Amino acid sequence: MAKTNIYLFANWKMYLDLAESEKLAKELAKFSKKLPKKIKMAVFPTALSTIVVVKNLKNSVVGVGAQNVYFEDKGGFTGEVSALMHKYAGAKYALVGHSERRHLFHETNHEVKMKMEAVLNAGLMPVLCVGETAKEREDRKTEETIEIQLRSALHELNLNKTKKLIIAYEPVWAISKGTGVNDAGKHCDSAEAERLHQFIKNTVRQLLKGIEPIVLFGGSVRPNTAKEYLQKPNIDGVLVGAASTHLDSWKDIVHNAR
Ligand code: 13P
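This text gives an overview of the structure that appears in the document. (Residues numbered from 1 in each chain as written. Predicted model: local features only at pLDDT ≥ 70, side-chain atom pairs only at ≥ 80, totals over all residues. Heavy atoms only, no water.)

1. With respect to the pattern of salt bridges
Rule in force here: When a carboxyl oxygen of Asp or Glu lies within 4 Å of a side-chain nitrogen of Lys or Arg, that pair is called a salt bridge. Helix numbering and strand numbering both begin at the N terminus, where a helix is a DSSP run of H or I of at least 4 residues and a strand a DSSP run of E of at least 2. Only protein chains enter the calculation, and the probe is 1.4 Å; a residue is then buried if its accessible area is under 20% of its type maximum, exposed if over 50%, and partly exposed in between.
Under the criterion given, the structure shown has 11 salt bridges. A salt bridge links Glu 22 to Lys 26, with the nearest nitrogen and oxygen atoms 3.5 Å apart. Highlighted residues: Glu 22 and Lys 26, both in helix H1 (residues 18-31), separated by four residues, approximately one helical turn. Glu 22 sits in the partly exposed class, given a relative accessible area of 28%. In this structure, Arg 205 and Glu 212 form a salt bridge, with 3.0 Å as the shortest nitrogen-oxygen distance.

2. Details of the packing of aromatic side chains
The condition that has to hold: The aromatic pairing rule takes the rings of Phe, Tyr and Trp, using the six-membered ring of Trp, and pairs them if the centres are within 6.5 Å, calling planes under 30 degrees apart stacked, those over 60 edge-to-face and the rest tilted.
Enumeration over the complete set of coordinates arrives at eight aromatic pairs. Relative to Phe 77, the ring of Tyr 70 lies with its centre 5.0 Å away and its plane at 45°, an arrangement referred to as tilted. For Tyr 70, a relative accessible area of 18% corresponds to the buried category. A relative accessible area of 31% places Phe 77 in the partly exposed class. A ring pair is formed by Phe 217 and Tyr 229, whose centres lie 4.3 Å apart and whose planes are at 25°; its orientation type is stacked. Of this pair, Phe 217 sits in strand E7 (residues 212-217) while Tyr 229 is found in helix H9 (residues 223-230), placing the two residues 12 residues apart along the sequence. With a relative accessible area of 0%, Phe 217 lands in the buried category.

3. Observations regarding the environment of Lys 55
Mapping Lys 55 onto the fold places it in helix H2 (residues 50-57). What makes Lys 55 exposed here is its relative accessible area of 63%. For the pair formed by Lys 55 and Leu 247, sequence separation is 192 residues and the distance between their alpha carbons is 19 Å.

4. With respect to the environment of His 86
One can find His 86 in helix H3 (residues 83-88). In this structure the C-alpha to C-alpha distance between His 86 and Ser 60, which are 26 residues apart in sequence, comes to 19 Å.

5. Digging into the site of the ligand
Selection rule: Residues are classed as near a molecule or strand on a simple rule: at least one heavy atom within 4 Å of it. Here a polar contact means two N or O atoms within 3.5 Å. Within protein one must be a hydrogen donor candidate and the other an acceptor candidate, and residues neighboring in sequence count only if both atoms are side-chain atoms. Reported accessibility uses the Shrake-Rupley method at a 1.4 Å probe radius. Residues are deemed covered only where the shown protein chains occlude them.
Around the ligand sit Asn 11, Lys 13, His 98, Glu 170, Ile 175, Ser 176, Gly 219, Ser 220, Leu 239, Val 240, Gly 241 and Ala 242, and those are all the residues in its vicinity. At 2.9 Å from an oxygen atom of the ligand is found a side-chain nitrogen or oxygen belonging to Lys 13. In the environment of the ligand, an oxygen atom lies 2.4 Å from a nitrogen or oxygen atom belonging to the side chain of Ser 176. Relative to its free-state accessible area of 310 Å², the ligand is covered by the protein chains to the extent of 100%.

6. Section: the pairing of strand E6 (residues 164-169)
The condition is simple: Pairing between two strands is assigned when DSSP locates at least 2 bridges connecting them.
Counting buried positions along E6 gives five out of six residues, so the element sits mostly inside the fold. Inspection of the sheet shows strand E5 (residues 125-130) paired to E6 by four bridges, in the parallel sense. Its bridge partner being in E6, Val 130 is matched across the sheet by Tyr 169. With six bridges connecting them, E6 and E7 associate as parallel partners. Within E7, the residue paired with Ala 168 across the bridge is Leu 216.

7. Some words on H2
Basically, it comes down to this: The arc in question is the one traced by the directions running from the helix axis out to the C-beta atoms. Throughout, a contact is declared for two residues whenever any of their heavy atoms are within 4.5 Å.
Looking only at H2, the buried set comprises Thr 50, Val 53, Val 54, Asn 56 and Leu 57. Down the axis of H2, the buried set is contained in an arc of 165°. They therefore lie on one face. Along H2, exposed side chains directed more than 90 degrees from the buried face belong to Ile 51 and Lys 55. Where the residues of H2 are buried, they touch H1, strand E2 (39-44), strand E3 (63-66) and H3.

8. Let's talk about the sheet that holds E7
Hydrogen bonding along the main chain pairs the strands of a sheet, whether they run parallel or antiparallel. As a reminder of what qualifies: Orientation is described by lines fitted to C-alpha atoms, with helices fitted over the stretch in contact, and by angles between N-to-C directions that extend from 0 to 180 degrees.
Taken in spatial order, the eight strands line up as E1-E2-E3-E4-E5-E6-E7-E8 and close into a barrel, and their pairing is parallel. With direction set aside, neighbouring strand axes in the sheet form an average angle of 30°. Bridge count between E7 and strand E8 (residues 237-240): two bridges; the pairing is parallel. Within the sheet, the bridge partner assigned to Phe 217 lies in E8 and is Val 238.

Structural data, given as structure tokens:
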């Protein structure tokens, strides 16, 4: 069955500086004029570039999101930016618990939960990221790891009036390290991704009654692999890092998604 919506989310990570973010935002504003309605596109620039990116995409269909938020609204928290501040800057979405936050910056499941609450309270749409490391996969703990992450983040979560929830399944071992290919040269094949998307949807439906989960795949998605993932019934979109930071490869991903 054809999908009603296809989510194409671009996590620019720390790849683009202010001038580069502004340039890409301007190019996307032009490019997105001809997008089919079912394509829901959003970009996640660094916090420093958010205002400029929002300004350039204001009259377009492309949403803007935060890569990370702090869970307090204001106060003595040097170096942090709150969910509310991102909201005031024009963001619509926020990534929560991205694996680089969890593993490079030691973010715990407890902090992820507090960030989920802050994001919802600020009126942003969270994109909750889950996924297992290579070791957890080797130890056959993929489902267990994902279930713990989901349970912890979603337990008794007040979604306010939101009826949909976006989750990104990003197997840590398949995420590229900035070279355009992942260092280990490993890709999560689409059948495995599909199986885990289904697992995530079933788990979320059990945890939050009445919520329809939207699950995106992330981990070295490239123009030549996007279509295969998106053809799977439970993969509602992709969250792309490295390949989303170059106009040409991003355009190719978008074309291949139609
Ligand atoms: P890559 O597409 O660079 O592997 O990054 C995936 C990711 O972490 C998106 O959030």
